[in-house]
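Notes for the structure review
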Amino acid sequence: MLKNHILLAFRHLKKEKGYTLSSIVGLALAFTACFFTFSFIWHEYTADSHFADPEHTYRLKSNDALDAPIRFPVLPTSNAQYMEDHFPEVNFSVPVYQEGSEEEVTVDGKIFLEKQWAYTEPQGIAIFDASYFDVRSSFIVGTVLISESTAARWFGHKDPVGEKVELKEGAYSVAGTFKDFPTNSHLVVDALAIPLPSKKMKYSQGLVYVNVRPNANIVALNKKVDEASEDMDTFIDEIRYTLVSVKDIYRVQNDQGGILKSANKEMISMMAMISLVILFISIFNIINLTQVKTLFRGREMGVKKVLGITPGQMSLQFLVESAMVVFFATLLSISFIQFTGGWVLSYLHIGEFPFKMSAAFLLALMLGITSLLAAIQSALFSKVMPRDVIAGKFKLGERKWLLKSMVGLQFLVACTLIGGTFLVDKQLDFIMSKPLGFGIDNLWYIPSPSEDTDLRLLRDQLPSIPEIQSATISSGLPFVGTGGIVHQSDGKLEFVAYVNMDKNFIDVLQIPYLDQPDFLPDTGYIVNERLAVRQDIEVEREFQGQVVGQVADFHFSRLNAPIGTLLLSLGDPSSGYFTMRIDAQVKATAEAKIKTEWDRLYPSRPFELLSLHDVYLQKHHEASELATVLRVLSLLAVLISCIGLASLTGFFVRKRFKEIAIRKVLGATVEQVIRQVNTGYAIWILAATGLSMLVVYYYGTEWLAGYAYATTLDAWVMLAPGVLLIVISSAIMVLQTWKTARTNPVEALRTE
C-alpha cells in the first residue's frame, strides 16, 4: 500500500515539474537559512560549556557593569578571599587577572607578546571541566598551563611540559596544557600562571569566580553580597556587587577587551527573526501552490471519493506527497550546507559545530513542515464535493483572493527586509564616514613591548628616517585604548578618559585646538570640549594641575557611543604607543628603515607596525557582519518570493489559456492581454509595497534611536525596496503572460 502511495505521489510531482521545483527550491533555501541560524543561536546560547559546574559557578560583577553607562568588568582580586571567608554558602572562590593588556614572554631566545596571559591560584583550574586540562606536574607557584595552540606556537612539535618560559619577574615552568577555550567563551586565555613571589602586580584588578554549595539560596546570597559591598571594595564605596551565573555572563556582559568577550546580541535576535520569516515565506509558497493543485486535481479527488476513498487514505496520500517534497528539499538543503558550510561557520565565528543539535533541529523542522502541508492539503481537498465534480461545477475562483493576499504578504515581508537592509547599510556608511575629529589616515603605531622599552631612543633617530613626517609617544590612542579616572559627579560614578602624552601628540593626530596655548610647557593638562564645559567634575587631587589648553572633541572610542570626557596630560612618556604619520606612497620604505633602527635599539624585542585605520575598521567589524548577514537573508527572502510568484503566475496564465486565445482571436493585442491578466496581482503587490513603507518607518525609527549618532531615515530607503520588487515581479508576470500570449490561438482552442 505504501509503495503505491509513493509511486502515485512521485507521478503527481513529476507531472507538475515547475510547481514541484518551486516548492523544493524555496523550502531548501529556507531550511539552509534556518539550519545556519539555529547553529549560530545554539552556539551563542550554550556559551561557557567548558566550566566544570556551571549550575553553581558564578562570576562576581558590579551591578553597574550590567546596564550603566560606566562599567567595571574587573574587580579587586582580594574579593575572592573575602567571599570564602565571609559567606558559608561558598565552596571556593578564585581570581583570574592580568597585569595589563599583554605580557612579554621569552621562549628559547624568542620574544612573544601574549595578550591572553592571565594569573590565578592553584585551585583556579577547578572551575573548569577537567577534560580540558592535561596537567602532568604540580600546578604550583612559578608554573604555567598553556593552550594547545600556544604550545604549538612556542615549541612546535616538542613536548612543552617542563620547558621554561621567561617573563620579566622570572622563569615559569610549563606544568601542562589545556584545549583552546571555545569561541563562545566569555573568558579567553592562552596561559594560566601562578605568579612568582617576585611578581609585583601593578594592577590588582581581575575577574572573581565563585563556586557555591548545591543547597545555597542564590537570591539570599546575592542580598548579603550587596550589603557587604562597601567592605569588599575599599577603593570605591558606591559600587554594589552581585553574582551572575557563568551560564548567562556571555550574554549579559557588555565589556570586551583583554581576556573578556561577549555575545553579539543584536545579530542573534535579527538572524532568528529573519530566518523564521524566510521559513514562513517558503511555507506560504507551498500553501499557495497546494491551493493551486486543487484546481488540477479536484476532479481526480472527486472521482476517488465516489469510488470510496476514506479520509484516512486521502490523508496518507497527502502525507506521502508532502514527505517527498520535504525530503527532496532536505537533500538539496544538505548540498547547500555542504557547499557553503565552511565559509558560513567561519564567518559566524563558530568553533565547534553543534552538528547533532542542528541535525535534530532540521529533522524536527522536516517533520513539522510535512505534517503541516499534509494537513493543509487534506483540509483543502476535503471540501471537494463529488456531485460538483460530476456536474462540472467545481472551481476555486472564490479562493483567488486568498492566493493573491498571501503573495502580497510574501512581498510585504520581503520588501520590509530589503528596506531594513538598506537602512543598516546606510547607518553603517554614516558611521564609517563620520568625521572623527582627527586625521586617522596615514597613522601607524608600534605598541611598546614592555615598560622597559624606552621608545624615546627611537624618537631620537627620526632625523635618519625622512619618510616619517612626525611622531609621538603616548599612553593611549583613539580606538586602541586609553586609561581612565573615576570621578564622583552629582552622587554618581563617572569615567574620564586619560592619556599621558608628549608635546607632539596633538599635532601628529591633527586634533584641532579650541584654545591653543602660545607654547606647551613640560607639564600640564589639555582637556577636550566635553570636559571643559563640565563644572560638576573636579579632577582628583593626584591629577590636579594647570589646564593649559583645550582641544575640540574627537572620537576615541566606538562611534555608537557619545564622545566622553578626556584629560590629556603633558609629559615625556617612555613607553606606550609610538605613533607616526607616514605617507602611504613611502610606507614600505619607511617600515624597512624603522625596523632596522628597531632591531639595532631593541634587538630582543619583537617589531610590529600597525595601522590605526585598520584598528578603527576592526572596532566596527560587528556592524559590518550584521549588514552582510541581512543582505544574504534578504536576498533569500526575495528569491523565494519570486520563485513562488513565477509559479503562481504561470498557473493562472495556463488556467486562462483559452481565454487568452479567444481574446487574441477577437483582436486583443499582446499588451492588452498582459494588462488584463496581471492587474489583480499588481494591486496586491503595490499594496504590500505601501504597507512595508510604514513598517520600515516605524521599526527603523526605533532602531536608529539606539545610536548616539544616527543617520536620517530618507524616503528612498522606504521607496527603493518597493520599486525594486515591483520591477522584478512585473518582469516575471509579463514574461509568463507574454509567452502564453504569443502562442498560436488554434493550439489553445484545440485543447480540452
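Conventions and cut-offs
- Residues numbered from 1 in each chain as written.
- Predicted model: local features only at pLDDT ≥ 70, side-chain atom pairs only at ≥ 80, totals over all residues.
- Heavy atoms only, no water.
- Helix = DSSP H or I, 4+ residues; strand = E, 2+ residues; numbered from the N terminus.
- Phe/Tyr/Trp six-rings, centres within 6.5 Å; stacked < 30°, edge-to-face > 60°.
- Buried < 20%, exposed > 50% of the residue type's maximum accessible area, 1.4 Å probe, protein only.
- Lys NZ or Arg CZ within 6 Å of the ring centre and 35° of its normal.
- Core = buried A, V, L, I, M, F, W, Y, C linked by side-chain atoms within 4.5 Å.
- Contact = heavy atoms within 4.5 Å.
- Expected span 1.5 Å × (residues − 1).
- Arc of directions from axis to C-beta.
- Pairing = 2+ DSSP bridges.
- Salt bridge = Lys/Arg side-chain N within 4 Å of Asp/Glu carboxyl O.

A few words on the environment of Lys168. Summarising the element assignment, Lys168 is placed in the loop between strand E9 (164–167) and strand E10 (170–178). Separated by 63 residues in sequence, Lys168 and Val105 have C-alpha atoms that sit 8.1 Å apart.

Once that is clear, we can look at the packing of aromatic side chains. Ring pairs (aromatic) are described by centroid distance and by the angle formed between their planes. Tallied over the full model, the rule gives 25 aromatic pairs. Look at Phe38 and Trp42: their rings are 5.9 Å apart centre to centre, the planes differ by 25°, and that puts the pair in the stacked class. With Phe38 and Trp42 both in helix H2 (residues 17–45) and four residues apart, this pair spans about one turn of that helix. Classification of Phe38 as buried rests on a relative accessible area of 19%. A centroid spacing of 6.3 Å and a plane angle of 65° characterise the contact between Trp117 and Tyr119, whose relative ring orientation is edge-to-face. You can call Trp117 buried: its relative accessible area is 1%. Here the aromatic cluster, defined as three or more aromatic residues joined through ring pairs, consists of Tyr97, Phe112, Trp117, Tyr119, Trp154, Phe155 and Tyr172. When the ring centre of Tyr132 is taken as origin, the NZ or CZ atom of Lys179, which lies over that ring, is 5.6 Å away.

What follows deals with the nonpolar core. Formed by 87 residues in total, the largest nonpolar core has its most connected members in Phe31, Ile278, Phe438, Phe505, Ile506, Ile526 and Leu568. Apart from residues no more than four positions distant in its own chain, Ile506 is found in contact with Met501, Ile511, Tyr513, Ile526, Val551 and Leu568. Counting residues in hydrophobic clusters, the runner-up holds 23 residues, among them Phe133, Phe139, Leu145 and Phe181.

With 15 residues, helix H17 (residues 587–601) extends 21 Å from end C-alpha to end C-alpha; this agrees with the ideal 21 Å at 1.5 Å per step. Restricting attention to buried positions, one finds in H17 the residues Lys587, Ala590, Ile594, Glu597 and Trp598. Down the axis of H17, the sector holding all buried residues measures 105°, keeping them to one side. Away from its buried face, by an angle of more than 90 degrees, H17 presents the exposed residues Ala588, Thr596 and Arg600. Buried residues along H17 sit against strand E14 (443–447), helix H14 (456–459), strand E15 (468–474) and strand E22 (577–582).

In this section: the pairing of strand E1 (residues 57–62). When a strand is regular, its side chains alternate between the sheet's two faces. Most of E1 sits inside the fold, with six of its six residues counted as buried. Going residue by residue along E1, you find Thr57, Arg59 and Lys61 tucked away on one face and Tyr58, Leu60 and Ser62 tucked away on the opposite face as well. Bridge analysis of E1 against strand E13 (residues 241–245) gives five bridges, and the strand direction is antiparallel. Across the sheet, the residue bridging to Leu60 is Leu243, located in E13.

A separate point is the pattern of salt bridges. This model, assessed by the stated rule, comprises 18 salt bridges. A salt bridge links Lys593 to Glu467; the shortest N-O distance between them is 3.0 Å. Here Lys593, found in helix H17, pairs with Glu467, found in the loop between H14 and E15; they are 126 residues apart in sequence, far enough to count as distant. With relative accessibility at 32%, the residue Lys593 sits in the partly exposed group. A residue is classified by how much of its surface remains accessible, and Glu467, at 16% relative accessible area, is buried. With a closest N to O distance of 3.6 Å, Asp553 and Arg530 form a salt bridge.

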